[in-house]
Amino acid sequence: MADIVSPEVRSRMMAGIGPANTKPEMILRRGLHALGYRYRLHARKLPGRPDLVFAGRRAVIFVHGCFWHGHDCHLFRWPATRPEFWRAKIGGNIARDARVRDQLLADGWRVADVWECTMRGRERWPIGDVLGRCAAFLDSDEAYSSIGCISTVAVDDGT
């Protein structure tokens, strides 16, 4: 299917998608704050600049967009145009996410990934369930948690 907007308009639209303060992130921040959890935002000194940093609990939470991080869910679809670019871009994001997670775990931090599809789309969870899973992670000694399916897409074979 051909794109319905010009390449210039598409470029401007894609450039407007920022890495911080996304709608899923804001929903999670407000909910956790209401539950009494306090955190720092986007700590520059930590690998990957986690979305939420709970320093006293040595825990971080990343809120991942399913498209940008290659989540294998109903919100992800490979773009039809420039497939080589998108496979390289999303494959690089998946690899970087793994490196950042491994570095944080090696440094003694606990890591949780919250996937966008848990908060929007046809398979979304009740927000109370997402917040409950985050709270359970924060109150536990669990080293890693993926809130939502942990699977990412395959990028190597071109299919």
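For the structure, see preceding data.
Predicted model only: the values in this text are computed from it and were never measured. (Residues numbered from 1 in each chain as written. Predicted model: local features only at pLDDT ≥ 70, side-chain atom pairs only at ≥ 80, totals over all residues. Heavy atoms only, no water.)

A. Region of the structure containing the nonpolar core. In terms of nonpolar packing, the biggest core is built from 18 residues, with Leu28, Leu32, Phe54, Ile61, Val114, Cys134 and Leu138 touching the most fellow members. Contributions of two or more residues to this core are made by helix 2 (23-34), strand 2 (52-54), strand 3 (59-64), strand 4 (110-115) and helix 4 (127-139). Of the residues forming this core, the biggest block, six residues, is contributed by helix 4. If we ignore the near neighbours within four places in the chain, the residues touching Cys134 are Leu28, Leu32, Ile61, Val114 and Ile147. Ala43, Phe62, Leu104 and Val111 belong to the second largest nonpolar core, which has nine residues in total. (Core = buried A, V, L, I, M, F, W, Y, C linked by side-chain atoms within 4.5 Å. Buried < 20%, exposed > 50% of the residue type's maximum accessible area, 1.4 Å probe, protein only. Helix = DSSP H or I, 4+ residues; strand = E, 2+ residues; numbered from the N terminus. Contact = heavy atoms within 4.5 Å.)

B. Up close: the side chain of Glu25. Its location among the elements puts Glu25 in helix 2. Among the residues examined, Glu25 registers a relative accessible area of 1% and is labelled buried. At a separation of 3.0 Å, a polar atom in the side chain of Glu25 contacts the side chain of His42. (Polar contact = N/O pair within 3.5 Å; in protein donor to acceptor, adjacent residues only side chain to side chain.)

C. Representation of helix 4 within the structure. Under the 1.5 Å per step criterion, the end-to-end length of helix 4 is 18 Å for 13 residues, consistent within 8% with the ideal 18 Å. Buried within helix 4 are the following residues: Val130, Leu131, Cys134, Ala135, Phe137 and Leu138. The buried residues of helix 4 occupy an angular sector of 160° when projected down its axis, which confines them to one face. In the core, the buried residues of helix 4 are packed alongside helix 2, strand 2, strand 3, strand 4 and strand 5 (144-147). (Expected span 1.5 Å × (residues − 1). Arc of directions from axis to C-beta.)

D. Representation of helix 2. In this model helix 2 runs 17 Å from its N-terminal to its C-terminal C-alpha over twelve residues, within 8% of the 16 Å that 1.5 Å per residue would give. Among all positions of helix 2, only Pro24, Glu25, Leu28, Arg29, Gly31 and Leu32 are buried. The secondary structure elements touched by the buried residues of helix 2 are strand 1 (40-41), strand 2, strand 3, strand 4 and helix 4. Once helix 2 finishes, Gly36 follows within two positions and takes phi at roughly 100°, a positive value.

E. Highlighting the sheet that holds strand 2. Read from one edge of the open sheet, five strands run 1-2-3-4-5, paired in mixed fashion. Of all strands in the sheet, those with a lone pairing partner are strand 1 and strand 5, marking the two edges. Sheet topology note: the strand 1/strand 2 ladder contains two bridges and is antiparallel. Opposite Arg40, over in strand 2, you have Val53 as the bridge partner. (Pairing = 2+ DSSP bridges.)

F. Molecular detail of the environment of Phe54. As for its position among the elements, Phe54 is in strand 2. Taking the relative accessible area as the measure of exposure, Phe54 reaches 2% and is therefore buried. Once the C-alpha coordinates of Phe54 and Arg38 are considered, the two residues, 16 residues apart in sequence, prove to be 6.9 Å apart.

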